[in-house]
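Here is how the chains run, residue by residue.
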Amino acid sequence: MIHNSTDVIIKTVARIFIPFIQLYALYVIMHGHYSPGGGFQGGVILGASLILLLITHGERVAMQRISENWITILFSLGVLIYAGIGTLCLFFGGNFLDYGVLAPLLHVSPAAARSLGILGVEIGVGIAVMSVMVSIFYNIARSGPYRNKGTTARRES
Amino acid sequence: MLDFIMAKYNYWIYIILMMIGFYGMIGKNNLVKKIIGMNIFQTAIILFFISIACKKGGATLPIIEYSHGGEHPVVHAADYLNPLPHVLMLTAIVVMVATLGVAIAIVIRLYRDYKTLEEDEILRKIS
Amino acid sequence: MKSLTIIIVLITGAVLFYGTVDMPDWGDPNSPASRHVSPRYITQTVAETETPNIVTSLLADYRGYDTLGETTVIFGAGMVCILILRSARKREE
């Protein structure tokens, strides 16, 4: 169980920083075509902002914002977006993950359709990475044995 | 001889790093120390791949200067670093985090069941 | 036991040191890794995908199938963490 921090400085700084971290993460994901960045990096930054909320404001506040069930749904959704875009290409008569055939759907040239397909895939990857980071952190932090039985066993040894 | 050393010393650094990680994996008795060894091992592999991508002689990072609607620039392959190892290691870093998470989850579960993280004590309790 | 471990590690390191003799030099522009498919990726990426960042176009387009498997690996890791830890947590509570 992660408790709410009692330090006012930590809580205030985290509250100010978290929106900017999330904005920066979205920038990294969306601007991945033109600068270093992409789904993996942006997803990790987005996950870090949620983990910061979790460790400063405690489990109860963070789980009101985004519950554990939602995280589980989100990381399935990320993989589904990726595989769904790939399968959509099959319906348009191309190969799996061949975004060029999506050009009639998006009303752009095949090369630009590939660019947009990459963007969709990156968003899927970003959602998946973000929610998996939060999920792993949450499960490991909450289910540690140091809570009730573990503490006594540790003191004995 | 000096040319040979200057041309290969990066590989030797990664091999030393890999040996440290390998020793941690097979020599240490504590499971958390084994996980730390595994991470050092993976870091050595990542550094090795990134050093393969390097090109001497004015090569820059693999982002082409190009704006939408403009003329397609003439690109020479020697001006840009090899992007392929970067891609492979980008995915490998995320897999590294995922394996770390799974390993720590297993260690937590083992600690809960056996109340110890020493490998020989766990083996004694199992038998 | 500890000396055996050190011997195994040293033998592995010695074999790898011997292997580096045939490796390409550091920063060699004509090394095999940068001669085979990588020039095609660098020169064709703007014409084929309109994405200036070669790493992104390579990650999600040329090697998209690889990245799909990668995403599945992350998904599996998250699932495994939930399956290992959450069931135990429920039993304990």
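Residues numbered from 1 in each chain as written. Chains lettered and ligands numbered in written order. Predicted model: local features only at pLDDT ≥ 70, side-chain atom pairs only at ≥ 80, totals over all residues. Heavy atoms only, no water.

S.K.: Any chance you could explain the overall build of chain C here in plain terms?
M.R.: Check the secondary structure of chain C and you find four helices and zero strands. For chain C, the N- to C-terminal ordering of α and β elements is α-α-α-α. A globule of 93 residues ought to have a C-alpha radius of gyration of about 12 Å, yet chain C, at 22 Å, is considerably larger. Judged by the C-alpha coordinates and their principal axes, chain C covers about 60 × 45 × 15 Å. Residue burial in chain C is summarised as follows: out of 93 residues, 43% are buried. Split by element, the accessible area of chain C, about 4,800 Å² in all, is 65% carbon and sulfur. The positive charge centre, built from 8 side chains, and the negative charge centre, built from 10, are 14 Å apart in chain C. (Helix = DSSP H or I, 4+ residues; strand = E, 2+ residues; numbered from the N terminus. Rg over C-alpha atoms; globule rule 2.2 N^0.38 Å. Buried < 20%, exposed > 50% of the residue type's maximum accessible area, 1.4 Å probe, protein only. Areas by Shrake-Rupley, 256 points an atom, 1.4 Å probe, with all protein chains shown as cover. Lys, Arg positive; Asp, Glu negative; His and termini not counted. Charge placed at Lys NZ, Arg CZ, Asp CG, Glu CD.)

S.K.: Please explain helix 3 (residues 54-62) of chain C as it appears in this structure.
M.R.: Working note: α-helix, 3.6 residues per turn, so residues spaced by three or four point in the same direction. Residues and elements named next belong to chain C. With eight of nine residues buried, helix 3 lies mostly within the body of the structure. Looking at helix 3, one finds that the buried residues are Ile-54, Val-55, Thr-56, Ser-57, Leu-58, Leu-59, Ala-60 and Asp-61. Looking at where helix 3 begins, the residue whose side-chain oxygen comes 3.2 Å from the main-chain nitrogen of Val-55 is Asn-53. (Polar contact = N/O pair within 3.5 Å; in protein donor to acceptor, adjacent residues only side chain to side chain.)

S.K.: Hey, could you run me through the packing of aromatic side chains in this one?
M.R.: The description of two aromatic rings rests on the distance between their centres and on the angle between their planes. All chains considered together, the criterion is met by nine aromatic pairs over all chains. The interplanar angle of 75 degrees and the centroid separation of 6.2 Å between the aromatic rings of Phe22(B) and Phe41(B) together place this pair among those described as edge-to-face. One end of the pair, Phe22(B), is in helix 1 (residues 2-27); the other, Phe41(B), is in helix 2 (residues 31-52), with 19 residues separating them in the sequence. The partly exposed category is assigned to Phe41(B), whose relative accessible area is 22%. These aromatic residues form a ring-pair network of at least three members: Phe4(B), Trp12(B) and Phe17(C). (Phe/Tyr/Trp six-rings, centres within 6.5 Å; stacked < 30°, edge-to-face > 60°.)

S.K.: Whenever I open this one, the pattern of salt bridges confuses me. Can you help?
M.R.: Once the charged atoms of two side chains with opposite charge are near each other, the side chains can pair. Enumeration over the complete set of coordinates arrives at five salt bridges over all chains. Asp98(A) is paired through a salt bridge with Arg114(A); the nearest N and O atoms lie 2.7 Å apart. Taken together, the residues Asp98(A) in the loop between helix 3 (68-91) and helix 4 (103-106) and Arg114(A) in helix 5 (residues 110-142) connect sequence positions 16 residues apart. Taking the shortest distance from any N to any O, the salt bridge between Glu119(B) and Lys34(B) comes out at 3.6 Å. On the criterion of sequence distance, the pair formed by Glu119(B) in helix 4 (residues 119-126) and Lys34(B) in helix 2 is long-range, its members being 85 residues apart. (Salt bridge = Lys/Arg side-chain N within 4 Å of Asp/Glu carboxyl O.)

S.K.: Please explain the interface of chain C and chain B as it appears in this structure.
M.R.: Where the parts come together, the accessible area they lose is often given as the size of the interface. Facing the 51 residues of chain C at the interface are 50 residues of chain B. Note on chain C versus chain B: buried area summed over both sides is about 4,600 Å², and carbon and sulfur give 74% of it. Our enumeration of links across chain C and chain B arrives at one salt bridge. Ionic pairing is found between Asp25(C) and Lys8(B), a salt bridge with its closest N-O pair at 3.2 Å. In this structure, the connection of chain C to chain B is made through 11 residue pairs in polar contact (both at pLDDT 80 or more). Every element with two or more residues in the side of chain C that touches chain B is listed here: helix 1 (2-19), helix 2 (38-49), helix 3 and helix 4 (64-92) of chain C. Top element by residues in the side of chain C that touches chain B is helix 4 of chain C. It accounts for 13 residues. (Contact = heavy atoms within 4.5 Å. Buried area = accessible area lost by both parts, 1.4 Å probe.)

S.K.: What exactly am I supposed to notice about helix 2 of chain B here?
M.R.: All names here are of chain B. Between the first and last C-alpha of helix 2 there are 32 Å, a value that for 22 residues agrees with the 32 Å anticipated at 1.5 Å per step. Buried within helix 2 are the following residues: Leu-31, Lys-34, Ile-35, Gly-37, Asn-39, Ala-44, Ile-46, Ser-51 and Ile-52. Each element contacted by the buried residues of helix 2 is listed here: helix 1, helix 3 (83-114) and helix 4. Between a side-chain oxygen at the N-terminus of helix 2 and the backbone nitrogen of Val-32 the separation is 3.0 Å; the capping residue is Asn-30. (Expected span 1.5 Å × (residues − 1).)

S.K.: I keep staring at the environment of Pro29(C) and nothing clicks. Help me out?
M.R.: Take Pro29(C): it is sitting in the loop between helix 1 and helix 2. According to the relative accessible area criterion, Pro29(C) is partly exposed, its value standing at 35%. Those residues in contact with Pro29(C) that lie beyond four places of it in its chain are Lys55(B), Lys56(B) and Ser34(C).

S.K.: It is not clear to me how the interface of chain A and chain C should be interpreted in this structure. Could you clarify?
M.R.: In this complex, chain A contributes 39 residues to the contact, which on the side of chain C involves 29 residues. Together chain A and chain C conceal approximately 2,900 Å² of surface at their shared face, both sides included; 64% is due to carbon and sulfur atoms. In this assembly, chain A and chain C are joined by one salt bridge. A salt bridge links Asp61(C) to Arg114(A); the shortest N-O distance between them is 2.8 Å. The tally of links between chain A and chain C comes to seven residue pairs in polar contact (both at pLDDT 80 or more). For the side of chain A that touches chain C, the elements supplying multiple residues, two or more each, are helix 3 and helix 5 of chain A. The biggest single contributor to the side of chain A that touches chain C is helix 5 of chain A, with 17 residues.

S.K.: Please explain the packing of helix 1 (residues 8-30) of chain A against helix 2 (residues 39-65) of chain A as it appears in this structure.
M.R.: What describes two packed helices is the angle between their axes and the distance between those same axes. Residue and element names in this part refer to chain A. Direction vectors running N to C along helix 1 and helix 2 enclose 165 degrees, while the axes themselves pass 8 Å from each other. What the angle tells us is that helix 1 and helix 2 run roughly antiparallel. The way helix 1 lies across helix 2 gives a crossing that is left-handed. Contacts between helix 1 and helix 2 involve Ile-10, Lys-11, Ala-14, Arg-15, Ile-18, Ile-21, Gln-22, Tyr-24, Ala-25, Val-28 and Ile-29 from the first element and Gln-41, Gly-42, Gly-43, Ile-45, Leu-46, Ser-49, Leu-50, Leu-52, Leu-53, Thr-56 and His-57 from the second. (Axes fitted to C-alpha atoms, helices over the stretch in contact; angles between N-to-C directions. Parallel < 35°, antiparallel > 145°, perpendicular 65-115°, else oblique. Left-handed = near helix turned anticlockwise from the far one by under 90°.)

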